[in-house]
Amino acid sequence: MPPKPQRTKRLPVYRNAGFLFDTIGEAADVFAKEEEYPQSADRFSYSRYGNPNVAETEELLAEMEGSEWAVLTGSGMAAIDTALSVFQRGENTGHWLFFSELYGGTNDYIENVLISRRGIKITRFHPEEGEERYDLDRLEDLLDRVEPSLLYFEPVTNPLLIVSDGGRIIEMAKERGVAVIVDNTFATSRLWRPLEHGADIVVHSATKYLGGHGNLTAGVVCGNDSGIRKDAMLYRKYVGNTLNADDAYRLNTQSRTFPLRFAAQCENASRLAAAMSDHPAVDRVRYPGLRTHPTHDEAAKTFEGRGYGAMINVDFKGGRAAADSFVEAVSDTISYVPTLGDPTTIMLHVATVWGEQRFPYPGMLRISVGFEPYDQLEAGVLQALDQVAGMV
Ligand code: PLP
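Within any chain, residue numbers begin from 1 and follow the written order of that chain's sequence. Side-chain atom pairs in this predicted model are given and counted only at pLDDT of 80 or more, local residue features only at pLDDT of at least 70, and totals for whole chains, interfaces and linings cover all residues. The side-chain numbers reported here are obtained from all heavy atoms of the structure, hydrogens and water having been left aside.

(A) Spotlight on the pattern of salt bridges. Between Lys or Arg on one side and Asp or Glu on the other, a salt bridge is scored when a side-chain nitrogen of the former is within 4 Å of a carboxyl oxygen of the latter. Within the structure shown, the criterion is met by 22 salt bridges. Between aspartate 165 and lysine 301 there is a salt bridge whose closest N-O contact spans 2.6 Å. Of this pair, aspartate 165 sits in the loop between β4 (150-153) and α6 (166-175) while lysine 301 sits in helix α11 (residues 296-303); the two residues are 136 residues apart in sequence, bridging distant segments of the chain. Only protein chains enter the accessibility calculation, which uses a 1.4 Å probe; a residue is then buried when its area is under 20% of its type maximum, exposed when over 50%, and partly exposed in between. Of the residues examined, aspartate 165 reaches a relative accessible area of 12% and is grouped as buried. In this structure, the salt-bridge partner of arginine 250 is aspartate 247, at a minimum N-O distance of 2.9 Å. On the criterion of helical spacing, the pair formed by arginine 250 and aspartate 247 is a turn pair, its members being three residues apart in helix α9 (residues 245-255). Arginine 250 sits in the partly exposed class, given a relative accessible area of 31%. Accessibility expressed as a relative area gives 10% for aspartate 247, which makes it buried. For helices the rule is a DSSP run of H or I covering at least 4 residues; for strands it is a run of E covering at least 2, with both sets numbered from the N terminus onward.

(B) Quick peek at the sheet that holds strand β3 (residues 121-125). Whether two strands pair comes down to DSSP finding at least two bridges between them. As summarised here, the arrangement of the seven strands in space is β1-β7-β6-β5-β4-β2-β3, forming an open sheet in which the pairing is mixed. Two strands close off the open sheet at either side, each with one partner strand: β1 (69-73) and β3. For this sheet, the mean angle separating the axes of adjacent strands, direction not counted, is 20 degrees. In this description, contact between two residues means that some pair of their heavy atoms is separated by no more than 4.5 Å. A fitted line through C-alpha atoms represents every axis, and for helices the fit uses only the stretch in contact; the resulting angles, taken between N-to-C directions, go from 0 to 180 degrees. Along the sheet, helix α2 (residues 52-65) makes contact with β1, β6 (201-205) and β7 (219-223), crossing β1 at roughly 130 degrees.

(C) View of the packing of aromatic side chains. The criterion for an aromatic pair is that two Phe, Tyr or Trp rings (for Trp, the six-membered ring) have centres within 6.5 Å, with stacked assigned to planes under 30 degrees apart, edge-to-face to planes over 60 apart and tilted to the rest. The final tally for this structure, using the stated rule, is 12 aromatic pairs. Pairing tyrosine 14 with phenylalanine 19 gives two aromatic rings, centres 6.4 Å apart and planes at 50 degrees, and the pair type is tilted. Taking relative accessible area as the criterion, phenylalanine 19 reaches 19% and is therefore assigned buried. A ring pair is formed by phenylalanine 153 and tryptophan 192, whose centres lie 6.5 Å apart and whose planes are at 45 degrees; its orientation type is tilted. Residue phenylalanine 153 is located in strand β4, and its partner tryptophan 192 is located in the loop between α7 (188-191) and β6; the two are separated by 39 residues in the primary sequence. Look at phenylalanine 153 and you get buried, because its relative accessible area is 0%. An aromatic cluster is present here, built from Phe99, Phe125, Tyr134, Phe153 and Trp192 joined pairwise through their rings. Whether a charge sits over a ring comes down to the Lys NZ or Arg CZ being within 6 Å of the ring centre and within 35 degrees of the ring normal. Taking NZ or CZ as reference, arginine 286 lies 5.2 Å from the ring centre of tyrosine 361, over its face.

(D) How the structure looks around the site of the ligand. In the neighbourhood of the ligand, 13 residues make up the surrounding shell, with Gly76, Asp183, Ser205, Thr207 and Lys208 lying closest. Residues adjacent in sequence count toward polar contacts only when both atoms are side-chain atoms; beyond that, a polar contact is any pair of N or O atoms within 3.5 Å, and within protein one must be able to donate a hydrogen and the other to accept it. One of the backbone nitrogen or oxygen atoms of methionine 77 is found 2.9 Å away from an oxygen atom of the ligand. Contacts to the ligand include aspartate 183, whose side-chain N or O atom sits 2.6 Å from a nitrogen atom. Of the residues that constitute the shell around the ligand, the class distribution is five nonpolar, five polar and three charged. Near is defined per residue: the residue qualifies when any heavy atom it owns lies within 4 Å of the molecule or strand. Polar here means any residue outside two lists: the nonpolar Ala, Val, Leu, Ile, Met, Phe, Trp, Tyr, Cys and Pro, and the charged Asp, Glu, Lys and Arg; Gly therefore counts as polar.

(E) A look at the pairing of strand β5 (residues 179-183). Burial within β5 is extensive, with five of its five residues counted as buried. Side chains Ala179, Ile181 and Asp183 project from β5 onto one buried face, and the interleaved Val180 and Val182 project onto a second face that is buried too. For the segment spanning β4, α6 and β5, crossover handedness is right-handed. Of the strand pairs in this sheet, β5 and β6 are connected by three bridges, and their pairing is parallel. Residue pairing for β6: aspartate 183 is matched across the bridge by valine 203. Crossovers are marked right-handed if the path from the first strand over the helix to the second runs clockwise, as seen with the strands pointing away from the viewer.

In short, geometric facts, not functional conclusions.
This is the structure we're talking about:
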C-alpha cells in the first residue's frame, strides 16, 4: 500500500508537470479560472502555469519586499525579461531610457535582445566623463528631451558601486508619467524599497542574497499593480520563464534567513572596507559606506543608516600582477567564484569579466562579502595584503 501523504510544516516539493483531476468538469473549471486570471483558482493544472511551491514562495517574498505580489522566474535575467516585456506594446512601445551602469548581462540583453531583435528604441543615461556619480539635473533634461515611456536603473551599480538618489529619480519619472523598473539585487529590500517611492516594478536576481547560498538560480518580479501582475504571469506562462519547484522550495527555506544574513554581510563589508583601505598594497577601496566614496552622500540619504551593502571594490597599486598575487595569497580565505551573495566571501577580477575597455583597471577586484566570522576574514585578508606589498 502506498504511504499516505504526511502532515509537514513545509509544503512538500511538487515536481509534477501536471496535476490530477477526477472529471472533465473539474479540470475545465480550473482552466477557465486560469484563463481569467492566472493562478486565481486554489487548484493548479500545469506547473508552467503555476505550481504550489512557486506560489507559496511568491507569497513569502512579497511579504519580505512589502509588495502586493511577487512573480518568480527561472533566473534574474528571466525576471528582467518578464518585467520589461510587460511594458512592450509593439509599435506603441515608445522610447526606453536605461542607466548606463548596469549588470553586464543586462547590458548584453539590451543590445542583443531589445535593440537587435525587438527593435526597441533605447537611450542610455551616462555619468559625466570621468565621474563616478550620476548628475540628476542632467537626467531631468534627458527625461524632457527623450520623453521615454520607461526608465530602468540599479540603485547600486556593478562593479563601481555608484549609488544614486533613487527616491528623486522615481519622483522625476513619475512627474512625467514614465514607468519605472528597478533592479534592486545589490541594495535588497533591507536597504531600500523602491515600490514605496512609486516604482512600478522591482526585480531581483534571487540567485544572490535572497537565495544566499549559491545553490540555486532564480529571479523575482515584485509590484503592487494587479494588472501588471496579470501581464507578468501571462508572459511567464507564454515563454516558460517560470521557476522550478525544487528551487522554489530551496528559496522558500533559505530566504527566511535573508535579513539575518544580509545584516551580517553588510557589517562585515563595512569593517573590511575600512581595514583594506588603510593598507599600503591598496590604491583605492570603493565602498559606499566610506566617506571617500563619490556617492557616500547618496547612499546615506537613500539607505538611511540601514547599511551600505555587502559589495566592496578594491584596486591594487601594483595593477594586474598585484591582483594575481592577492588572489593566490588569499585563496584559503576568499574563493574566486563568479557570483555574489554567497555565505562566504568570494571575488572576481573586474577587467577580465566585464571588459578592459569599459573598466580599464587591471588591479581591480570585486569582493562579495560573506557572513563568516569577521576576525577570521580580516586576518586572512590582511595577511594576503602584506604578502602583496612584499612585507613578509
Ligand atoms: N541583476 C544583477 C544586478 C545581477 O548582478 C545579476 C547577476 O549577477 C542579474 C541581474 C542576473 O541574475 P541571474 O544570474 O540570476 O540571471
